[in-house]
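Read off the chains here:
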Amino acid sequence: MTTNPRSTAQVAGHPIHPMVIGFPIVCFVLTFVSDLAFYATANEFWATASLWLLGVGLITAVIAGLTGLVDVFGDGRVSNLSDTRVHAIGNVVAVLIALYNWYSRYEHGSAAVVPTGVVFSGLVVLILVFTAWKGGEMVFRHRVGVAD
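Now for a look at the structure at hand. Computed from a predicted structure; not experimentally measured. (Residues numbered from 1 in each chain as written. Predicted model: local features only at pLDDT ≥ 70, side-chain atom pairs only at ≥ 80, totals over all residues. Heavy atoms only, no water.)

### What about the packing of helix H3 (residues 44-74) against helix H5 (residues 82-108)?
- Packing of H3 against H5 leaves a shortest axis separation of 10 Å and a crossing angle of 155°. If you check the angle between H3 and H5, you find them roughly antiparallel. Pair H3 / H5 crosses with left-handed handedness. Touching Ser50, Leu51, Leu54, Gly55, Leu58, Ala61 and Val72 of H3 are Thr84, Val95, Ala98, Leu99, Asn101, Trp102, Arg105 and Tyr106, all from H5.
- Grouping the amino acids of the contact of H3 with H5 by side-chain chemistry returns ten nonpolar, four polar and one charged. (Axes fitted to C-alpha atoms, helices over the stretch in contact; angles between N-to-C directions. Helix = DSSP H or I, 4+ residues; strand = E, 2+ residues; numbered from the N terminus. Parallel < 35°, antiparallel > 145°, perpendicular 65-115°, else oblique. Left-handed = near helix turned anticlockwise from the far one by under 90°. Contact = heavy atoms within 4.5 Å. Nonpolar A, V, L, I, M, F, W, Y, C, P; charged D, E, K, R; others polar.)

Written out as structure tokens, the structure is:
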């Protein structure tokens, strides 16, 4: 009997990566929402909220990425999946865009939000939709991290 590819970053048999990925996703989506609110209102609160959301999103993305890497290198069947590579590369691209977006806002304040920051935060959300779909493929089609 063949077993499912296992998640090696786990607590009591529960994979950590799915537990932590929600944090950066929510932060990056809310960055886009608060950017749109800033665009609509010009209220500085929204520009500040976006900066903080990007920062928290980046920190939590590092945690999610590290737990994902432990899973990838912990079971060769996971690293051999093309969905794994696309998922990982897409997420790295999204984080690099978000990092540049954060740095630009840190340097230039609210002047960096419209239009460039809005475009970058929207692009990050679109990439995350795609990479989340690829992550779902890994779980639901290839049964990565699913208990036998």
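### Quick word on the pattern of salt bridges
- Enumeration over the complete set of coordinates arrives at four salt bridges.
- The salt bridge partner of Asp35 is Arg105, with a shortest N-O separation of 2.6 Å. Linking Asp35 in helix H2 (residues 22-41) with Arg105 in helix H5, this pair joins segments that are 70 residues apart in sequence. Across this residue pair, the class does not change: Asp35 and Arg105 are buried.
- Between Glu137 and Arg141 there is a salt bridge; the shortest N-O distance is 2.8 Å. A residue pair is termed a helical-turn pair when its members lie 3 or 4 positions apart in one helix, as Glu137 and Arg141 do in helix H6 (residues 113-141) at four residues. (Salt bridge = Lys/Arg side-chain N within 4 Å of Asp/Glu carboxyl O. Buried < 20%, exposed > 50% of the residue type's maximum accessible area, 1.4 Å probe, protein only.)

### Quick word on the packing of H2 against H3
- Close contact between H2 and H3 brings their axes to 8 Å; oriented N to C, the two are set at 165°. Judged by the angle between their axes, H2 and H3 are roughly antiparallel. Crossing hand, H2 versus H3: left-handed.

### Observations concerning the nonpolar core
- Counting ten residues, the largest nonpolar core is built from Phe28, Leu54, Leu58, Ala61, Ala94, Ile97, Ala98, Val124, Ile127 and Leu128.
- When residues of this core are traced back to their parent elements, those giving at least two are H3, H5 and H6.
- Ignoring sequence-local partners within four residues, the contact set of Leu54 consists of Phe28, Thr31, Ala98, Asn101, Trp102 and Arg105.
- Ranked by size, the runner-up nonpolar core spans five residues in total, among them Val72, Val78, Leu81 and Met138. (Core = buried A, V, L, I, M, F, W, Y, C linked by side-chain atoms within 4.5 Å.)

### Topic: a nonpolar patch on the surface
- A cluster of nonpolar residues, Ile25, Val26, Val29, Leu30 and Val33, forms a patch on the protein surface that exposes about 360 Å² of accessible area.
- In this structure, Val29 sits in helix H2.
- Note on Val29: relative accessible area 32%, which makes it partly exposed. (Patch = residues over 30% accessible without salt bridge, like charges linked within 9 Å, V, L, I, M, F, W, Y side chains within 5 Å. Areas by Shrake-Rupley, 256 points an atom, 1.4 Å probe, with all protein chains shown as cover.)

### Description of the side chain of Lys134
- Tracing the backbone through its elements, the reader meets Lys134 in helix H6.
- Taking the relative accessible area as the measure of exposure, Lys134 reaches 14% and is therefore buried.
- Beyond its immediate chain neighbours, meaning those up to four positions away, Lys134 contacts Asp83, Val86 and His87.

### Topic: H3
- When the terminal C-alpha atoms of H3 are compared, their 45 Å separation across 31 residues agrees well with the 45 Å that a helix rising 1.5 Å per residue should span.
- The N-terminus of H3 is capped by Asn43, whose side-chain oxygen sits 2.9 Å from the backbone nitrogen of Phe45. (Expected span 1.5 Å × (residues − 1). Polar contact = N/O pair within 3.5 Å; in protein donor to acceptor, adjacent residues only side chain to side chain.)

### Points about H5
- In a regular helix each residue adds 1.5 Å, so 27 residues correspond to 39 Å; H5 covers 39 Å between its end C-alpha atoms and thus fits that length.
- Looking only at H5, the buried set comprises Asp83, Thr84, His87, Gly90, Ala94, Ile97, Ala98, Asn101, Ser104 and Arg105.
- Buried residues belonging to H5 abut helix H1 (17-20), H2, H3, helix H4 (76-79) and H6.
- The first or second residue beyond H5 is Gly109, which carries a positive phi of 65°.

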